[in-house]
Amino acid sequence: MKLAALTTVAALLVAPAVSAADLGGGMSAGGEISTELNTDTGVFALKVMPKVGMAVWGVNNSLTANFDLMGIDNSSTIDTFQGLDYKATMPLGFDGMSLFGKISSDGDLDFGDTTIGMSF
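Position numbers for residues start from 1 in each chain and track the written sequence from start to end. Given that this is a predicted model, residues contribute local features only at a pLDDT of at least 70 and side-chain atom pairs are listed and counted only at 80 or more, while totals for whole chains, interfaces and linings are drawn from all residues. The side-chain quantities take in all heavy atoms of the structure and omit both hydrogens and water.

## Some words on the overall build of the protein chain
Alright, step 1. The helix count covers DSSP runs of H or I at least four residues long, the strand count covers runs of E at least two residues long, and both are numbered beginning at the N terminus. Helix and strand counts for the protein chain come out as 1 helix and 9 strands.
Alright, step 2. Reading the protein chain from its N end, one meets helices and strands in the order α-β-β-β-β-β-β-β-β-β.
Alright, step 3. Contacts are residue-level and defined by heavy atoms, with any inter-residue pair within 4.5 Å sufficient. Taking all contacts inside the protein chain whose residues are at least 6 apart in sequence as the whole, residues at least 24 apart take part in 19%.

Put into structure tokens, the structure is as follows:
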């Protein structure tokens, strides 16, 4: 019974809240709030990810900052800023198909996690 209650609460908390606003001129602003519980470690996280974007010559560029509002290390230090994600996406002309490139940083703004790919 305890597991069923925890699963229900976790399912309700995991649903993200997403918001976006078109600022005109190809610019946009928005963000996402998500909560998660790692069942292996028992660590609960509340993440806030503000985002700005701009479309230039058909390429959608976005910059997202990642903050973990409950990122507590050893019950003494709160390390909220988790890094930045820059992503460029170019649609291929088919519905839902695009190429993308993404580079991420850690909390010290050391960039290095680079990803390229295609999404459908």
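## Thoughts on the packing of aromatic side chains
Alright, step 1. Geometry of aromatic contacts follows a simple scheme: Phe, Tyr and Trp rings, the Trp one being its six-membered ring, pair when their centres are within 6.5 Å, and the pair is stacked under 30 degrees between planes, edge-to-face over 60, tilted otherwise. Within the structure shown, the criterion is met by 0 aromatic pairs.
Alright, step 2. Positioned above the aromatic ring of Phe 100, the side-chain terminus of Lys 87 is 4.9 Å from the ring centre. In this scheme, Lys NZ or Arg CZ marks a charge over a ring once it lies within 6 Å of the ring centre and within 35 degrees of the ring normal.

## Digging into the side chain of Ser 98
Alright, step 1. Looking at where Ser 98 falls in the secondary structure, it is placed in strand S8 (residues 98–105).
Alright, step 2. Once residues lying within four places of it in the same chain are set aside, the contact partners of Ser 98 are Thr 89, Met 90, Pro 91, Leu 92, Gly 117, Met 118 and Ser 119.

## Brief notes about the pairing of S8
Alright, step 1. Taken together, the 7 bridges between strand S7 (residues 81–91) and S8 define a ladder with antiparallel strand orientation. Looking at S8, one finds that Tyr 86 is bridged to Ile 103.
Alright, step 2. Count of turn residues in the S7/S8 antiparallel hairpin: 6 residues, of which Gly 93 carries a positive phi of about 100°.
Alright, step 3. When DSSP finds two or more bridges between a pair of strands, those strands are recorded as paired. Pairing between S8 and strand S9 (residues 111–119): 8 bridges, direction antiparallel. Looking at S9, one finds that Lys 102 is bridged to Thr 115.
Alright, step 4. Where S8 hands over to S9, the hairpin turn is made up of 5 residues, of which Leu 109 adopts a positive phi near 60°.

## Observations regarding a nonpolar patch on the surface
Alright, step 1. A cluster of nonpolar side chains, contributed by Met 90, Leu 92, Phe 94, Leu 99, Met 118 and Phe 120, occupies part of the molecular surface with about 620 Å² of accessible area.
Alright, step 2. We classify Met 118 as partly exposed; its relative accessible area is 39%. Each patch is assembled from residues with relative accessible area greater than 30% and no salt bridge, linking like charges that lie within 9 Å and nonpolar side chains (Val, Leu, Ile, Met, Phe, Trp, Tyr) that lie within 5 Å. Values of accessible area rely on a 1.4 Å probe in the Shrake-Rupley scheme; residue burial ignores everything except the protein chains shown. Salt bridge, as used here: a side-chain nitrogen of Lys or Arg that lies within 4 Å of a carboxyl oxygen of Asp or Glu. Relative accessibility under 20% of the residue-type maximum defines a buried residue, over 50% an exposed one, and the middle range a partly exposed one, all with a 1.4 Å probe and only protein chains included.

## So, unusual backbone geometry
Alright, step 1. Even without being a glycine, Trp 57 presents a positive backbone phi close to 50°.
Alright, step 2. Along the polypeptide, Trp 57 turns up in the loop between strand S3 (43–56) and strand S4 (59–68).

## Here we look at the confidence of the model for the protein chain
Alright, step 1. Averaged over all residues, the pLDDT of the protein chain equals 75, while 74% of them reach at least 70.
Alright, step 2. Each residue carries a pLDDT score, the predictor's own confidence in it, on a scale running from 0 to 100. Looking over the protein chain, one finds the lowest element-wise mean pLDDT in helix H1 (residues 2–14), namely 41, and the highest in S8, namely 90.
Alright, step 3. Here residues 1–16 scores under 50 on pLDDT; set against residues more than four positions off or in separate chains, the count is 5 contacts.

## Topic: the environment of Leu 23
Alright, step 1. You can see Leu 23 is positioned in strand S1 (residues 17–24).
Alright, step 2. Between the C-alpha atom of Leu 23 and that of Met 54, which follows or precedes it by 31 residues, the distance is 9.5 Å.
Alright, step 3. With near-sequence residues (within four places) excluded, Leu 23 lies in contact with Ser 28 and Ala 29.

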